[in-house]
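Spelled out, the chains give:
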2 protein chains.
Amino acid sequence: MRIVVDAMGGDLAPAAPVEGALLAARELGVGVILVGRPDQVREQLRRWGGPADGLPPGSEVVEATDVVGPDEPPVQAVKHKPNSSLVVAMRLLKERRGQALVSAGNTGALMTAGLFILGRIAGVDRPALGSVFPTRSGRGCLLLDLGAVSDCKPRNLLEFGLMGSAYARYALGLERPRVALLNVGLEEVKGNELVRKAYALLKESGLNFIGNVEGRQVPEDAADVVVCDGFTGNILLKFTEGMASAIFGLIREAASRGARAKLGGLLIRPALRRVKGRLDYAEYGGAPLLGLAGVVIKCHGSSGPKAIRNGIRVARDLAAGGLVEEIARGISRLGTGREGEA
Amino acid sequence: MRIVVDAMGGDLAPAAPVEGALLAARELGVGVILVGRPDQVREQLRRWGGPADGLPPGSEVVEATDVVGPDEPPVQAVKHKPNSSLVVAMRLLKERRGQALVSAGNTGALMTAGLFILGRIAGVDRPALGSVFPTRSGRGCLLLDLGAVSDCKPRNLLEFGLMGSAYARYALGLERPRVALLNVGLEEVKGNELVRKAYALLKESGLNFIGNVEGRQVPEDAADVVVCDGFTGNILLKFTEGMASAIFGLIREAASRGARAKLGGLLIRPALRRVKGRLDYAEYGGAPLLGLAGVVIKCHGSSGPKAIRNGIRVARDLAAGGLVEEIARGISRLGTGREGEA
């Protein structure tokens, strides 16, 4: 098994992707294909040591002279930068040089390159972006779509449920993942037109559909996979990121006022750091792009080596399990789904 | 100025509404009309003391024999319980016995009673539910709609902006509140069809419209009023409630493991309690129902006396400022808005 790694993607590239890939190679026994500017990649390899130039057996460096920035418009970036690490990495996946791809680069560009180069699994209308949100049990809950599809049809939500279920089976190790619909109430009649129609489709899908969940139930392990339209999901993602950082900011502030709070803050700091770790969704192994004809994992832009390593682990599990084939089988069982079009 | 208070609404009724009303009467100098079961209300009045039976001058108790439960279907509850405290309170507001209404009862029933009994301000298509979210500065940001209108048209978002702006002027004391649209990106072209059309309307509205904001900017004081459709808003509200409680749960757990963390937790507890207080949106004075032909404030179901008192303070400020009249003027300036219908 070899995993293609975009060595130039993310705020901490190339240091973090290279170190994360080396960690994965050593600890998980996978080969890695590091895609990026060879001089910069080799400099990092030397820093982290190892035999010869630090490259583990079965691994290689593939040259890509260009880099896609985090804020570049996706379509333009992919069209005008064919030699960027992100685009070259996607071509290597397409050519089956590696069995999966991991990148901490520009999310939109990654999805665009996936659509242009890999294409979709037959029958999938719109690929989605998921992410495992932290839950109390520590197991996590896959939420999708987080922004790939802003205007959803009911059929899209059905496909998200199917793709998310396949992901949860291989990445979270669940035999029959519980799939739920994010809604404003538990009853079938709740919500807007989109979710009411999606409810009917999910109920008949053969998935382990447990009905609606409300937002407050997600951190409480109420479901393993939660589907929503990409507009709602993206807003939720960014809102919770902002809120968690605001909460920890307020705690830091409170712990700097007065001797008592200062001492308490000092003593409790390691415990708080563990809490932050459990909330950090980078820890959970990145965000899958689901519905593309290949396994693609997006790691958070600020990913450190550990988050990259975790992304590679998940990518390996998904590729080994046969994620793409399973989604293809599931979609063909669903049929054309014309009745789901709204 | 007299404020009608639903004495039987909320998890802690009648104790919390009665005590909160007494606090408001003493500290703010308003009269209160306590609506509920007279024996239960008077028992609470005796508990909290004061002259005669504890009722401040200018205040009274009005009998309502029935109570609407927190989970009752709104339309049924309002139709079948004409003598419930919530419905009687709304009638008193309609008859101008009081200038505003405060309730911690069933939100849906409160909105339904408002629509049936008070009616809408002329020209308002759909009234909305707002709430002031905590922000770093402590000033707060009004987010609306939080669930009254699941399927929104662009015109609804425009009206939310106008109504929210009027609220922020009187409740938050801002001369020219910054109104923003909740979206997945900052550029005008971002988001789904609904928000793209709403953007165009808000830009031409004469409001102090500052464009799109992303969720992570809300706690950072990026805007004073943020509008979104009720489906997204309700999901966001419940998700953040669940997440904040999960974070504090994890911190509590972490602070109970090991002597060092335990001591740290003990020392920092008062500081953490202050942080929780700043995050608690009950502290910010309740959630306004905007677009009804009267000032109605919904307090959180778990409101204690202080939250009720704060709700009454905001209700007084809005009634004194002439919120309903200002919204009416704003709506008539906007015109019929046919061009905004989607």
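For the structure given in this document, a descriptive report is provided here. Note that this is a predicted model, so its numbers are computed, not measured.

1. Here we look at the nonpolar core
Okay, step 1: Counting 211 residues, the largest nonpolar core has Leu 34 and Ile 327 of chain A together with Leu 34 and Ile 327 of chain B as its most contacted members.
Okay, step 2: Residues contacting Ile 327 of chain A, with those up to four places away along its chain left out, are Ile 121, Val 124, Leu 162, Met 163, Ala 166, Leu 290 and Gly 291 of chain A.
Okay, step 3: Of all hydrophobic cores here, the second largest spans 26 residues; its members include Met 243, Ala 254 and Ala 271 of chain A together with Phe 248 of chain B.

2. A look at the side chain of Ser 85 of chain B
Residue and element names in this part refer to chain B.
Okay, step 1: Here Ser 85 is to be found in helix H4 (residues 85-94).
Okay, step 2: Here Asp 6 takes part through its side chain, which lies 2.6 Å from a polar atom of the side chain of Ser 85.
Okay, step 3: When near neighbours in sequence (up to four residues on either side) are disregarded, Ser 85 contacts Asp 6, Met 8, Val 35, Gly 36, Ala 64 and Asp 66.

3. Considerations on the packing of helix H6 (residues 154-171) of chain B against helix H7 (residues 193-203) of chain B
The geometry of a pair of packed helices is captured by two quantities: the angle between their axes and the separation between those axes.
Residues and elements named next belong to chain B.
Okay, step 1: The N-to-C vectors of H6 and H7 enclose an angle of 50°; their axes lie 8 Å apart at closest approach. In this view, H6 runs oblique relative to H7, as classed from their interaxial angle. Crossing of H6 against H7: the hand is right-handed. For the pair H6 and H7, contact is made by Pro 154, Arg 155, Leu 157, Leu 158 and Gly 161 and by Leu 194, Val 195, Lys 197, Ala 198, Leu 201 and Leu 202, respectively.
Okay, step 2: Of the residues that constitute the contact of H6 with H7, the class distribution is eight nonpolar, one polar and two charged.

4. Notes on the relation of the copies chain B and chain A
Okay, step 1: In screw terms, the move from chain B to chain A is a rotation of 180° and a rise of 0.0 Å along the axis, fitting with an RMSD of 0.0 Å. A rotation of that kind, with that shift, is consistent with a two-fold axis. Residue Gly 264 of chain B, judged by its C-alpha, is the member of chain B lying nearest the rotation axis, at 2.0 Å.

5. A short note on the pairing of strand S8 (residues 209-213) of chain A
Where a strand is regular, its side chains alternate between the two sheet faces.
All names here are of chain A.
Okay, step 1: For S8, a buried count of four out of five residues is recorded, marking the element as mostly surrounded by other parts of the structure.
Okay, step 2: Relative to S8, strand S7 (residues 179-182) is paired through three bridges, and the arrangement is parallel. Bridging from a neighbouring strand, Leu 182 pairs with Val 213 of S8.
Okay, step 3: Taking the sense of rotation as the criterion, the β-α-β connection linking S7, helix H7 (residues 193-203) and S8 turns out right-handed.

6. Looking at the packing of helix H1 (residues 15-28) of chain A against helix H10 (residues 305-321) of chain A
Residue and element names in this part refer to chain A.
Okay, step 1: Close contact between H1 and H10 brings their axes to 7 Å; oriented N to C, the two are set at 50°. One finds that H1 runs oblique with respect to H10. Once H1 is placed against H10, the crossing between them reads as right-handed. Along the contact surface, H1 presents Ala 16, Pro 17, Glu 19, Gly 20, Ala 21, Leu 23, Ala 24, Glu 27 and Leu 28, while H10 presents Pro 305, Ile 308, Arg 309, Ile 312, Arg 313 and Arg 316.

7. Focus on the side chain of Lys 81 of chain B
Okay, step 1: You can see Lys 81 of chain B is positioned in the loop between helix H3 (74-80) and H4.
Okay, step 2: Discounting residues that sit within four places of it in the chain, Lys 81 of chain B has contacts with Asp 66, Val 67, Val 68, Glu 72 and Val 87 of chain B.

8. Brief notes about unusual backbone geometry
Okay, step 1: Look at the link from Ala 13 of chain A to Pro 14 of chain A: it is a cis peptide, with omega at 0°.
Okay, step 2: Following Leu 144 of chain A, the chain continues to Asp 145 of chain A via a peptide bond in cis, the omega torsion being 5°.
Okay, step 3: With respect to the helices, strands and loops of the structure, Asp 145 of chain A is situated in the loop between strand S6 (141-144) and helix H6 (154-171).
Okay, step 4: Although it is not a glycine, Arg 96 of chain B sits at a positive phi angle of roughly 65°.
Okay, step 5: Examined against the element boundaries, Arg 96 of chain B turns out to sit in the loop between H4 and strand S4 (100-103).
Okay, step 6: Its relative accessible area of 55% is what places Arg 96 of chain B among the exposed residues.

9. Some details on the sheet that holds strand S6 (residues 141-144) of chain B
Residues and elements named next belong to chain B.
Okay, step 1: The strand order across the open sheet built from eleven strands is S3-S2-S1-S4-S11-S10-S5-S6-S9-S7-S8, with neighbouring strands paired in mixed fashion. This sheet does not close on itself; its edge strands, each paired only once, are strand S3 (60-63) and strand S8 (209-213). The sheet shows a mean angle of 25° between the axes of neighbouring strands, taken without regard to direction.
Okay, step 2: As judged from the four bridges shared by strand S5 (residues 128-133) and S6, these two strands associate in the antiparallel manner. When the sheet's bridge partners are listed, Ser 131 is paired in S6 with Leu 143.
Okay, step 3: Most of the contacts of H6 go to strand S9 (residues 225-227), to which it runs at about 160°, and overall it touches S5, S6, strand S7 (179-182), S9 and strand S10 (287-290).

10. Re the interface of chain B and chain A
The extent of an interface is frequently quoted as the accessible surface area lost upon association of the parts.
Okay, step 1: With 55 residues of chain B in contact, the opposing surface of chain A contributes 55 residues.
Okay, step 2: Summed over the shared surface of chain B and chain A, the number is two salt bridges.
Okay, step 3: In this structure, the salt-bridge partner of Glu 214 of chain A is Lys 238 of chain B, at a minimum N-O distance of 2.4 Å.
Okay, step 4: Our count for the chain B to chain A interface comes out at twelve residue pairs in polar contact (both at pLDDT 80 or more).
Okay, step 5: Those elements that provide at least two residues to the side of chain B that touches chain A are H7, helix H8 (230-254) and helix H9 (259-279) of chain B.
Okay, step 6: With 21 residues, the single largest contributor to the side of chain B that touches chain A is H8 of chain B.
Okay, step 7: The residue makeup of the side of chain B that touches chain A, split by class, is 29 nonpolar, 13 polar and 13 charged.

11. Section: a nonpolar patch on the surface
Residue and element names in this part refer to chain A.
Okay, step 1: Residues Val 75, Leu 115 and Phe 116 make up a contiguous nonpolar surface patch of about 260 Å² in total accessible area.
Okay, step 2: By the element assignment, Leu 115 lies in helix H5 (residues 107-118).
Okay, step 3: On the accessibility criterion, Leu 115 (37% relative accessible area) is partly exposed.

12. Points about the environment of Pro 219 of chain A
Okay, step 1: Locating Pro 219 of chain A in the fold gives a position in the loop between S8 and strand S9 (225-227).
Okay, step 2: As a C-alpha pair, Pro 219 of chain A and Leu 292 of chain A span 73 residues in sequence and 28 Å in three-dimensional space.
Okay, step 3: Not counting residues within four places of it along the chain, the set of residues in contact with Pro 219 of chain A comprises Pro 134, Thr 135 and Arg 136 of chain A together with Gly 242, Met 243 and Ala 246 of chain B.

13. Let's talk about the packing of aromatic side chains
Okay, step 1: Across all of its chains, the model carries four aromatic pairs over all chains by this definition.
Okay, step 2: Pairing Tyr 199 of chain A with Phe 209 of chain A gives two aromatic rings, centres 5.1 Å apart and planes at 80°, and the pair type is edge-to-face. With a gap of ten residues between them, Tyr 199 of chain A in helix H7 and Phe 209 of chain A in strand S8 connect regions that are remote in the sequence.
Okay, step 3: Taking 5.7 Å as the distance between ring centres and 90° as the angle between the ring planes, the aromatic pair formed by Phe 239 of chain A and Phe 133 of chain B counts as edge-to-face. Taken as a pair, Phe 239 of chain A in helix H8 (residues 230-254) and Phe 133 of chain B in strand S5 lie in two separate chains rather than in one. The residues Phe 239 of chain A and Phe 133 of chain B share a single accessibility class, namely buried.

14. Some points on the sheet that holds strand S1 (residues 2-6) of chain A
Residue and element names in this part refer to chain A.
Okay, step 1: Read across the sheet, eleven strands follow the order S3-S2-S1-S4-S11-S10-S5-S6-S9-S7-S8 without closing on themselves; strand pairing throughout is mixed. What marks the edges here is a single partner per strand, and that holds for strand S3 (60-63) and S8. In this sheet, adjacent strand axes meet at a mean angle of 25° when their direction is disregarded.
Okay, step 2: Of the strands in this sheet, S1 and strand S2 (31-36) are in contact with H1, which crosses S2 at around 170°.

15. What about helix H2 (residues 38-48) of chain A?
Residue and element names in this part refer to chain A.
Okay, step 1: Buried within H2 we find Val 41, Gln 44 and Leu 45. Along the axis of H2, the buried residues cluster in a sector spanning 105°; they form a single face. Opposite the buried face of H2, at more than 90 degrees from it, the exposed residues are Asp 39, Arg 46 and Arg 47.
Okay, step 2: Buried residues belonging to H2 abut H1, S2 and S3.
Okay, step 3: Following H2 by one or two positions, Gly 49 has its phi on the positive side, about 70°.

Cut-off values and rules
- Residues numbered from 1 in each chain as written.
- Chains lettered and ligands numbered in written order.
- Predicted model: local features only at pLDDT ≥ 70, side-chain atom pairs only at ≥ 80, totals over all residues.
- Heavy atoms only, no water.
- Core = buried A, V, L, I, M, F, W, Y, C linked by side-chain atoms within 4.5 Å.
- Buried < 20%, exposed > 50% of the residue type's maximum accessible area, 1.4 Å probe, protein only.
- Contact = heavy atoms within 4.5 Å.
- Helix = DSSP H or I, 4+ residues; strand = E, 2+ residues; numbered from the N terminus.
- Polar contact = N/O pair within 3.5 Å; in protein donor to acceptor, adjacent residues only side chain to side chain.
- Axes fitted to C-alpha atoms, helices over the stretch in contact; angles between N-to-C directions.
- Parallel < 35°, antiparallel > 145°, perpendicular 65-115°, else oblique.
- Left-handed = near helix turned anticlockwise from the far one by under 90°.
- Nonpolar A, V, L, I, M, F, W, Y, C, P; charged D, E, K, R; others polar.
- Least-squares fit on C-alpha atoms with pLDDT ≥ 70 in both.
- Pairing = 2+ DSSP bridges.
- Right-handed = clockwise from strand over helix to strand, strands pointing away.
- Salt bridge = Lys/Arg side-chain N within 4 Å of Asp/Glu carboxyl O.
- Patch = residues over 30% accessible without salt bridge, like charges linked within 9 Å, V, L, I, M, F, W, Y side chains within 5 Å.
- Areas by Shrake-Rupley, 256 points an atom, 1.4 Å probe, with all protein chains shown as cover.
- Phe/Tyr/Trp six-rings, centres within 6.5 Å; stacked < 30°, edge-to-face > 60°.
- Arc of directions from axis to C-beta.

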